[in-house]
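# Observations on the model geometry
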Amino acid sequence: MPATRESPRSPEPAAPLLTMRNVSKSFLGVRVLHDVSLDLAAGEVHALVGENGAGKSTLMKVLAGEHVADNGTVELDGTVHAFTHPQQAQAAGVGIIHQEFALLEHRTVAENVFLGREPTKYGLVDRRTMERRTGQLLAELGESGISPRMYVRELSVARRQTVEIVKALASDVRVLVMDEPTAPLAEHEARLLHALVRRLAERGLGILYISHRLREVFELSSRITVLKDGRHITTVPTATTDTDTIVRAMVGRDLSAYYPPRATADEVGQVALSLQGGANRRLKGIDLELRAGEVVGIAGLQGSGRTSLARALFGADPLTGGEMTVGGRKLRPRGPRDAIRAGIALVTEDRKGEGLALRQSVRDNALLVTRAVPGQQRTGAARGLTELLERVRLQARGGPDQQVQYLSGGNQQKVVIAKWLAAAPKVLLFDEPTRGVDVGAKAAIHSLVRDLAKEGLAVLIISSELPELIGMSDRVLVMSDGRIAGQLPAGATEEDIMRLATGPVEEGTDAA
């Protein structure tokens, strides 16, 4: 757990840049914010944390004019505002960057930055001015890899994040809300974003930073505000607190350890999955073994081949070379159905786009695999839906009939896991298992993963959060350029992982 540390901060002005006082909000008679107050100084990074459903996003949407508060006030530079539309908040200098980007992929960077506010000349859109101003803003942020004329579809996730920030700066933003900005980013991309956030604060912007990643909260913020159940619990200087204290304030209990104990030697069984010389258009000679009762971590920078490996094992991007066995039997999955029948399951990194039918019920989602793949129906039915949902510790007010779109991110992820457990897999592949999940749900998922390994499943975890990967894994394989660069034992350091991830890959490295 991080100890108390010295945090970056700027001298606080006599009056805050932003003050929100006694803000309350209800939906359909259910109160989701209870007299919440906070303030923000110019040049400050103020972290806002809490479990999913704590009220963070609702409070920020009130600030951004997306929701109208029932009670309370919002003040900017001492002027009281009552925003009823996002354009009013934007005009006052408030910008918000949501978890899901609001960019048009088939338009250029400049067109996205000035969308709805295009400069004109002689009655026509002035593209030259638009591109020049976008270029200036990119240069101010030190971003030389993005051209104003590039199409958004050509950009990586990290660079799309930068375009969102440039959009806000083009509106002369003074208060910038960032909601889980590093959730879709790999570790090295997150560090680049952190540097960018610091530069924005140095320019005098006030930044409200929402994140489930407590390590980055402690690295970036001057103060931390904790919300729970729509109420303000505490606001503390970052330098005077620690992770344990913040977690207790968030969840109302101690989490003595983020990660359950690792497997002992006698808990690791026979080889459940083996791949020798695995190759396709993204993978080059992959050798690995997954054993029953073991949790194996896969690390690497974005583009290293981590997700490609999981998709190849699952048959989504079929192997074109090498030999794969599952339970001692040769398998060359031509598609996911072949992999599922052999006992392989994949929890993808995009649970909303690839893992769930959002408008269907918990029940229908939990039984998707057993209904869709012949031969799996009997196994899923034998487990019993109630037992299955209890096993993943699902919290759904509407029970099995509730639509999954109304569940928190953590509970949606539990439904995805339940869907695969219904098919009784032998090998369970997780790609970013706790992305966008609050600290309490993370602990529950970590515990579930370890319980599944103890029951004899072979588990592979891909994660961009190196502390999670280190804490959960019995050993870590590091990928680089479509190959396995090396293997590290349990308890390896982040430096060990990054050294392999960024260094040259030697042909024939023994990683299995």
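In this report, the structure presented in the accompanying data block is examined.

What counts and what doesn't
- Residues numbered from 1 in each chain as written.
- Predicted model: local features only at pLDDT ≥ 70, side-chain atom pairs only at ≥ 80, totals over all residues.
- Heavy atoms only, no water.
- Pairing = 2+ DSSP bridges.
- Helix = DSSP H or I, 4+ residues; strand = E, 2+ residues; numbered from the N terminus.
- Contact = heavy atoms within 4.5 Å.
- Axes fitted to C-alpha atoms, helices over the stretch in contact; angles between N-to-C directions.
- Buried < 20%, exposed > 50% of the residue type's maximum accessible area, 1.4 Å probe, protein only.
- Arc of directions from axis to C-beta.
- Polar contact = N/O pair within 3.5 Å; in protein donor to acceptor, adjacent residues only side chain to side chain.

Across the sheet, four strands lie side by side as β14-β13-β16-β17; this open sheet has antiparallel pairing. Of all the strands in the sheet, the pair left with one neighbour each is β14 (286-291) and β17 (329-330). In this structure, strand β13 (residues 271-279) lies alongside strand β16 (residues 321-326), joined through five bridges in antiparallel fashion. Each bridged residue has a counterpart across the sheet, and for Gln276 the counterpart in β16 is Glu323. Most of the contacts of helix α9 (residues 306-313) go to β13, to which it runs at about 115°, and overall it touches β13, β14 and β16.

Looking now at helix α19 (residues 494-502). Since there are 3.6 residues in each turn of an α-helix, residues three or four apart along the chain are aligned in direction. Buried within α19 we find Glu494, Ile497 and Ala501. Buried residues of α19, viewed axially, fall in a sector of 65°; they line one side. Away from its buried face, by an angle of more than 90 degrees, α19 presents the exposed residues Glu495 and Arg499.

With that settled, the discussion passes to the side chain of Ser464. With respect to the helices and strands, Ser464 occurs in the loop between β20 (458-462) and α18 (466-472). What makes Ser464 buried here is its relative accessible area of 2%. Reaching out from Ser464, the side chain makes a polar contact with the side chain of Arg306 at a distance of 3.4 Å. With residues near it in sequence (within four places) discarded, Ser464 still touches Leu185, Ala186, Glu187, Arg213, Arg306, Glu432 and Arg435.

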